[in-house]
Amino acid sequence: QVQLVESGGGLVQPGGSLRLSCVASRNIFSFAAMAWYRQALGKQRELVASIATRGTINYADSVEGRFTISRDNAKNTVYLQMGSLEPEDTARYYCKAVSVTGLADTWGQGTQVTVSP
């Protein structure tokens, strides 16, 4: 079982930037993909971005062009660089390790991002 620990959240003004990190307790190369999700109060958890081991990257339409997902396999870490932040980006952000079978996905505990003047 892998443990995922997110960090980098905080309070930022609209238009600002943050970089989230997700550190895994073991090699992330063994997973099919790593992903970032977010969940705002009263809303369902939604996919923000994903990066497959083979390199395929996907973004939600709402963050395309503003957020960048990347991975450092040597550090077992996935990043989410967030720019041009908007109040609508306020949410708890979760890291997810997507297993090859899809039957053993793992979530981190999340990190809060608040975008407010």
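This report concerns the structure included in the present document.

Cut-offs and rules
- Residues numbered from 1 in each chain as written.
- Predicted model: local features only at pLDDT ≥ 70, side-chain atom pairs only at ≥ 80, totals over all residues.
- Heavy atoms only, no water.
- Phe/Tyr/Trp six-rings, centres within 6.5 Å; stacked < 30°, edge-to-face > 60°.
- Helix = DSSP H or I, 4+ residues; strand = E, 2+ residues; numbered from the N terminus.
- Buried < 20%, exposed > 50% of the residue type's maximum accessible area, 1.4 Å probe, protein only.
- Lys NZ or Arg CZ within 6 Å of the ring centre and 35° of its normal.
- Polar contact = N/O pair within 3.5 Å; in protein donor to acceptor, adjacent residues only side chain to side chain.

## Describing the packing of aromatic side chains
(1) Moving on: With the rule as written, the count across this model stands at 2 aromatic pairs.
(2) Moving on: Look at Tyr37 and Trp107: their rings are 4.8 Å apart centre to centre, the planes differ by 65°, and that puts the pair in the edge-to-face class. Of this pair, Tyr37 sits in strand β4 (residues 33–39) while Trp107 sits in strand β10 (residues 106–107), placing them 70 residues apart in sequence.
(3) Moving on: On the accessibility criterion, Tyr37 (17% relative accessible area) is buried.
(4) Moving on: On the numbers, 6.4 Å between centres and 85° between planes, the contact of Tyr94 with Trp107 is edge-to-face. With Tyr94 in strand β9 (residues 91–98) and Trp107 in strand β10, this residue pair connects regions lying 13 residues apart in the sequence.
(5) Moving on: In this structure Tyr94 comes out as buried when scored by relative accessible area, which is 12%.
(6) Moving on: The rings of Tyr37, Tyr94 and Trp107 are connected pair by pair, giving a single aromatic cluster.
(7) Moving on: Here the basic side chain of Arg45 rests over the ring of Tyr94, its NZ or CZ set 3.8 Å away from the ring centre.
(8) Moving on: The side chain of Arg45 reaches across the aromatic face of Trp107, ending 4.5 Å from its centre.

## A few points about the side chain of Asp89
(1) Moving on: Within the fold, Asp89 resides in the loop between β8 (77–82) and β9.
(2) Moving on: Judged by its relative accessible area of 1%, Asp89 falls in the buried class.
(3) Moving on: Within the local environment of Asp89, its side chain forms a polar contact with the backbone nitrogen of Glu86, the two atoms lying 2.8 Å apart.

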